Amino acid sequence: MNKRIMEAFITGFGWVSKESMGHTGCIQHFPPNTILPGIKGKDILDRPHKPFGRMDAFSKLGFAAIAFAMKDAGIKKEEEKKNVSMIVSTVTGCLETDITFQETISKKLPSPAIFAYTLASCFLGEACIYFGLIGESFVIDEAKTNGLEGLFMALEIIESGVSDVVLCGVCNSDIETINTNSHTIKPGSLFFVIEKKCLHSYGTIQSTSLENFYYQNNVRITDLYELAQKCSNREIQPFKGPSI
Amino acid sequence: MNPVYITKTAVITPMGPDLESLYTGLINKKSGISKITRFDTSRYTSPFAGLIAGLDHTKRLSLIFQLSDMMIEQLGPIENDTFLISASTKAGIDMLEKNNIKSKMLSKDLLLSSLTGYIALKLRLKNKGININSACASSTIAVAKAASLIQMGVVDSVLVCCMDIVSEFVFSGFSALGAMSDEPARPFDKNRKGLTLGEGAAAILLMNKEKAKASDIAPLAEITGWGIANDATHLTAPDKNGSGLKLAIEKACKKAKISTDDIYAVNSHGTGTKYNDSMEINVILSMFNPNKVIANSIKGSIGHTLGAAGGIEIALCTKILQEKMMPGTFGFLDPEKGAEQIICPDARPLTGDYILTINSGFGGTNAAIILKKP
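Attention here is on the structure that accompanies the text. (Residues numbered from 1 in each chain as written. Chains lettered and ligands numbered in written order. Predicted model: local features only at pLDDT ≥ 70, side-chain atom pairs only at ≥ 80, totals over all residues. Heavy atoms only, no water.)

Section: the nonpolar core
Within the largest apolar cluster, 86 residues are counted, with the highest numbers of intra-cluster contacts made by Leu 151, Phe 192, Ile 194 and Leu 227 of chain A together with Leu 206 of chain B. Those residues in contact with Ile 194 of chain A, other than ones at most four positions away along the chain, are Ala 8, Phe 9, Ile 10, Leu 151, Ala 154, Leu 155, Ile 158, Asp 164, Val 165, Val 166 and Ile 205 of chain A. Counting 78 residues, the second-largest nonpolar core is a separate cluster that includes Leu 124 and Val 193 of chain A together with Ala 179 and Leu 197 of chain B. (Core = buried A, V, L, I, M, F, W, Y, C linked by side-chain atoms within 4.5 Å. Buried < 20%, exposed > 50% of the residue type's maximum accessible area, 1.4 Å probe, protein only. Contact = heavy atoms within 4.5 Å.)

Here it is in structure tokens:
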């Protein structure tokens, strides 16, 4: 069977890490420390958004990277709903929140407010509500920690015509108490906006299979953080038409 | 476009250890819901759940892996080049109860990817697979993504394994949210009080035409359409107008190249909660011909199996297409307004070639799958 080449343009990306958060146009650096930053609504949104304060730390982490990536891609919050899809890959999921909820059960007072965030997909729902996104949204729980299966699914969504714009990324809590055997989890979040067509982009991302991903046709990518690095080293390019 | 076929299923539900026991039980209006003895329910809204016989919570192994073993045994051998997608919302969350949460090193079985890895290892698959999690639409979305990967020619076959267990963790959460009924759930009934939790597993093997032919397997059903959409309105409640579900159904019909007029049967999500069931009645009445379409919910019989629900219902739909008989809705006694036009209390003959199955969940997620007898 002939394998298709799937391709899309990277039009924005945003992140939260222990060292910094933001997007290429606006980066907030942190002094050297060992924990992820506490994120406040005003750090990421132009207007107050009460539900942000209610979210668990995992959701804030993911929501913030989505907001930064949307801003970087120039996609604004509007009244009209948009056919944009979202996929996040994660190893830890919301395990930290699970542990917090388990403690409330142990104290015989299970908290409904915490329980609502014991699904890793909840922050995708929050982002859908805030930005009015009505495409596909789901979590991929992966063992490999590279986020590439999510990127593949994002390309598949564009290729199959389901959505022309997809947010895809990774989000992981800083959990040191979980034994993941050989894999090192990079705490933080990173989201890309990839689009079928655009006026300006950081370049293209291609895939021919679940194992093979290429930036700008020929630079092999082995995880999403590497892709962000490549995009960071490249100035935003005017659209010159599809390369395949 | 490559057609996508379901060629094999394995199902374990509170009704019994296979698809036959589920289907027969539903046709004969039986219930698999019972009182929980696995943990103390005196602090919670309900003592009821749909539980699977043979799962032993006193063992060190998570119930999810015990359930996986049952499912794998029923499924039999699978070709090792089959791509694996599991679907679960909380997988081995019971390990959090078994672990000391103050411990410095928690079990990796708590990670959802551990379930996928466990199944891949047991079936000796070449790939480790992925788990898809999107609340109660997880397995419907997993099957939709599997179908899309096959149709696009990325893979020839995908095994979708869907499962969730009844744990005190999830049970206490739904109780705290006030979403659980103190009696077994009564989907679409005017006096419904909420959902009843259940546990279950379904494995669904999907193949393209060439793979099915080469494997000498007669397809059970064709997946002709699928659609996924978000309400973008509320985190824990559906949009009253069902905007996301309508969009998911429209996408599925467009993919299947049919209209809603071609669909005469709907396996609904039908959780038994006020908001979900009202939303679904609105959607079905507004999109389908109430003189032609019949709909049901199986959650009054087996409970809401969360991430497994869609998978179990898709497997059931293959049986409904074969037997041409649609099960009724257990607990549906006094119809909610509008439900009397579409919801069948008892088994009814299936007319038409297609069946639609739908699921919705927290985060505003919705998914729809259309099946056809091959």
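Having seen it, we continue.
A closer look at the packing of helix H7 (residues 148-159) of chain A against helix H5 (residues 138-151) of chain B
What describes two packed helices is the angle between their axes and the distance between those same axes. Axis separation between H7 of chain A and H5 of chain B bottoms out at 11 Å; the angle between their running directions is 70°. The angle between H7 of chain A and H5 of chain B places the two elements in the roughly perpendicular class. The segment H7 of chain A lies against H5 of chain B, with Phe 152, Met 153, Glu 156 and Ile 157 of chain A engaging Lys 145, Ser 148 and Leu 149 of chain B. In terms of residue class, the contact of H7 of chain A with H5 of chain B is built from four nonpolar, one polar and two charged. (Axes fitted to C-alpha atoms, helices over the stretch in contact; angles between N-to-C directions. Helix = DSSP H or I, 4+ residues; strand = E, 2+ residues; numbered from the N terminus. Parallel < 35°, antiparallel > 145°, perpendicular 65-115°, else oblique. Nonpolar A, V, L, I, M, F, W, Y, C, P; charged D, E, K, R; others polar.)

A word on the packing of aromatic side chains
Aromatic rings considered in pairs are described by the distance between their centres and by the relative angle of their planes. Applying the stated rule across the entire model yields 17 aromatic pairs over all chains. Between Tyr 44 of chain B and Phe 171 of chain B, the aromatic rings sit 5.9 Å apart at their centres with planes inclined by 65°, giving edge-to-face as the arrangement. Separated by 127 residues along the polypeptide, Tyr 44 of chain B in the loop between strand S2 (33-35) and strand S3 (48-50) and Phe 171 of chain B in helix H6 (residues 168-177) bring together distant segments of the chain. In this structure, Tyr 44 of chain B and Phe 171 of chain B share a single accessibility class: buried. Ring centres 6.0 Å apart and planes at 40° place the aromatic pair Phe 174 of chain B and Phe 362 of chain B in the tilted group. Here Phe 174 of chain B, found in helix H6, pairs with Phe 362 of chain B, found in the loop between strand S13 (354-361) and strand S14 (365-372); they are 188 residues apart in sequence, far enough to count as distant. One exposure class covers both Phe 174 of chain B and Phe 362 of chain B, and it is buried. The residue whose ring lies beneath Lys 77 of chain A is Tyr 130 of chain A, and the NZ or CZ to ring-centre distance is 4.5 Å. Between Lys 186 of chain A and the ring centre of Tyr 225 of chain A, over which it is positioned, the NZ or CZ distance is 5.2 Å. (Phe/Tyr/Trp six-rings, centres within 6.5 Å; stacked < 30°, edge-to-face > 60°. Lys NZ or Arg CZ within 6 Å of the ring centre and 35° of its normal.)

Remarks on the interface of chain A and chain B
As a measure of interface size, the accessible area lost when the parts come together is often cited. Counting residues at the interface gives 59 residues for chain A and 61 residues for chain B. Surface buried jointly by chain A and chain B totals about 4900 Å² across both partners, of which 66% is contributed by carbon and sulfur atoms. One salt bridge connects Glu 136 of chain A with Lys 145 of chain B, and the closest N-O pair in it is separated by 2.7 Å. Across the chain A-chain B interface, the total number found is twelve residue pairs in polar contact (both at pLDDT 80 or more). For the side of chain A that touches chain B, the secondary-structure elements that each account for two or more residues are helix H4 (95-106), helix H5 (112-115), helix H6 (122-131), strand S5 (137-141) and H7 of chain A. Sorting elements by how many residues they give to the side of chain A that touches chain B places H4 of chain A first, with seven residues. (Buried area = accessible area lost by both parts, 1.4 Å probe. Salt bridge = Lys/Arg side-chain N within 4 Å of Asp/Glu carboxyl O. Polar contact = N/O pair within 3.5 Å; in protein donor to acceptor, adjacent residues only side chain to side chain.)

Structural notes on H4 of chain A
Residues and elements named next belong to chain A. Given a rise of 1.5 Å per residue, twelve residues ought to cover 16 Å, and the 16 Å separating the end C-alpha atoms of H4 matches this to within 8%. All of the buried residues along H4 are Leu 95, Thr 97, Asp 98, Ile 99, Phe 101, Gln 102, Thr 104 and Ile 105. Count one or two residues on from H4 and you reach Lys 108, which has phi positive near 65°. (Expected span 1.5 Å × (residues − 1).)

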